[in-house]
Structures are given as structure tokens and as C-alpha cells.
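Structure at a glance
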Amino acid sequence: MSAKPNPAGFSPELTLGIPELDEQHQTLFSMIGRINSVSPDMYRQLDDDETDEMLDIMNDLKDSAMQHFSFEENLMDEADYPGLDNQQEAHERFLDDITRMEAELMNGTSIPPVKIQGFLTDWFDEHIREMDLPFAKFRKENAK
């Protein structure tokens, strides 16, 4: 059984061997790790200041993810990767999910930081394992 990355770190088994993407993935995991500083109790409802800080982190993460997704999709397009459509759909669903969580926080819905952090960590871990690693293998096998 493989180890999951810690929320603030990047597990070496998620390395694609594509330096730009690996660096971007590490940055995204580091951004997720910033959630640890939002509240001393990751299981309780956030106060107004903590909610603002969480929204700032989520906005920064969403912006970085959008840039990363665009770069990644361009690499896939250049490689004629057959999984590009599925990758784009997954990216769109992620952006919809994070936008929905931001809206819930802005509307006063209580989402404990541990739930947000867990969702983000699990999503990126699973996405890299199931979608990005197969692309890296395809790219290596089909290098021109």
C-alpha cells in the first residue's frame, strides 16, 4: 500500500518525471498545506477572519490550478494524448467543486478546514495517480 502525501508535502511517488509539472504539483500541495495555519482547531467552524483567510487560500489555489491545468492540457495536446478530453473534464469538475465550496463559505455555511484540506489533498493525489501518471508514461513512450 502506498503512502498518501502529507497535506503540506508532495509524495515522491507522485513524481511524473516532467519537471515543470512536478514543480507545479509541489506548489499546489504546499498551497493546500497553508490551510493548517487558518485555525488552531481544524475541526471547528471558522470565524469571520478565518473564513476570509480560507477564501484567500482557496482563491490563490484556484488561480494556480487554472494556470497548471492550462499548461498540462497544452502538453497533452502537443503529445496527441488520447486522454485529453477526460483530463479537461476532470479539471472543470475540480474548478466547479472549489468554486462551490467558496460560495458556501461566503454564504456562511460551516465547512471545517479539515474537510476542505482533505478534499483538496485527496483530489490532487487521486488525479495525479489516475490521470497524470498515465500521461507521463504515454509521453515517455511516445517521445518524438
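Residues numbered from 1 in each chain as written. Predicted model: local features only at pLDDT ≥ 70, side-chain atom pairs only at ≥ 80, totals over all residues. Heavy atoms only, no water.

Bringing unusual backbone geometry into the picture now. Positive phi, normally seen in glycine, also occurs at Asp-80, with a value near 55 degrees. On the basis of relative accessibility, which here comes to 57%, the residue Asp-80 falls in the exposed class. (Buried < 20%, exposed > 50% of the residue type's maximum accessible area, 1.4 Å probe, protein only.)

Turning our eyes to something else, we now look at the packing of aromatic side chains. The full count for this structure, using the stated rule, is 9 aromatic pairs. Here Phe-94 and Trp-123 contribute two aromatic rings whose centre-to-centre distance is 4.4 Å and whose plane-to-plane angle is 35 degrees, an arrangement assigned as tilted. Of this pair, Phe-94 sits in helix α3 (residues 84-106) while Trp-123 is found in helix α4 (residues 113-141), placing the two residues 29 residues apart along the sequence. Taken as a pair, Phe-94 and Trp-123 share a single burial class, namely buried. Among the aromatic side chains, those forming a connected cluster through ring pairs are Phe-29, Phe-69, Phe-94, Phe-119, Trp-123 and Phe-124. (Phe/Tyr/Trp six-rings, centres within 6.5 Å; stacked < 30°, edge-to-face > 60°. Helix = DSSP H or I, 4+ residues; strand = E, 2+ residues; numbered from the N terminus.)

The subject of this paragraph is the nonpolar core. Grouped together as the largest cluster of nonpolar side chains are 38 residues, with contacts concentrated most on Ile-35, Met-54, Phe-94, Ile-116, Leu-120 and Phe-124. Counting only elements with at least two residues in this core, the list comes to α1 (19-33), α2 (48-78), α3 and α4. Among the elements that line this core, the one with the most residues is α2, at 9 residues. Discounting residues that sit within four places of it in the chain, Leu-120 has contacts with Ile-32, Ile-35, Leu-61, Phe-94 and Ile-98. (Core = buried A, V, L, I, M, F, W, Y, C linked by side-chain atoms within 4.5 Å. Contact = heavy atoms within 4.5 Å.)

Moving on: the packing of α2 against α4. Running from N to C, α2 and α4 point in directions that differ by 10 degrees, and their axes come no closer than 13 Å. The pairing of α2 with α4 is recorded here as roughly parallel in orientation. Residues Met-54, Met-58, Leu-61, Ala-65, Phe-69, Glu-72, Leu-75 and Met-76 of α2 form the contact with α4, whose participating residues are Pro-113, Ile-116, Leu-120, Trp-123, Phe-124, His-127, Asp-132, Phe-135 and Arg-139. The residue inventory of the contact of α2 with α4, partitioned by class, reads 13 nonpolar, 1 polar and 3 charged. (Axes fitted to C-alpha atoms, helices over the stretch in contact; angles between N-to-C directions. Parallel < 35°, antiparallel > 145°, perpendicular 65-115°, else oblique. Nonpolar A, V, L, I, M, F, W, Y, C, P; charged D, E, K, R; others polar.)

We now examine the pattern of salt bridges. Working definition: two side chains of opposite charge can pair if their charged atoms are close together. The full count for this structure, using the stated rule, is 6 salt bridges. Here Glu-102 and Lys-62 are joined by a salt bridge, their closest N and O atoms 2.8 Å apart. Of this pair, Glu-102 sits in helix α3 while Lys-62 sits in helix α2, and the two are 40 residues apart along the sequence. Relative accessible area serves as the criterion here: at 15%, Lys-62 is assigned to the buried category. For Arg-129, the salt bridge is made with Asp-125, and the minimal N-O distance between the two is 3.0 Å. You can see Arg-129 and its partner Asp-125 sitting in helix α4, 4 residues apart, about one turn around the helix. On the basis of relative accessibility, which here comes to 25%, the residue Arg-129 falls in the partly exposed class. Of the residues examined, Asp-125 reaches a relative accessible area of 7% and is grouped as buried. (Salt bridge = Lys/Arg side-chain N within 4 Å of Asp/Glu carboxyl O.)

This part covers the environment of Ser-70. Relative to the elements of secondary structure, Ser-70 occurs in helix α2. In this structure, the C-alpha to C-alpha distance between Ser-70 and Gln-88, residues 18 residues apart in sequence, is 9.1 Å.

The terminal C-alpha atoms of α2, which comprises 31 residues, lie 45 Å apart, in line with the 45 Å expected from a rise of 1.5 Å per residue. Among the residues of α2, the N-terminal cap falls to Asp-47, whose side-chain oxygen and the backbone nitrogen of Asp-49 are separated by 3.1 Å. One or two steps after α2, the chain reaches Asp-80, where phi turns positive at roughly 55 degrees. (Expected span 1.5 Å × (residues − 1). Polar contact = N/O pair within 3.5 Å; in protein donor to acceptor, adjacent residues only side chain to side chain.)

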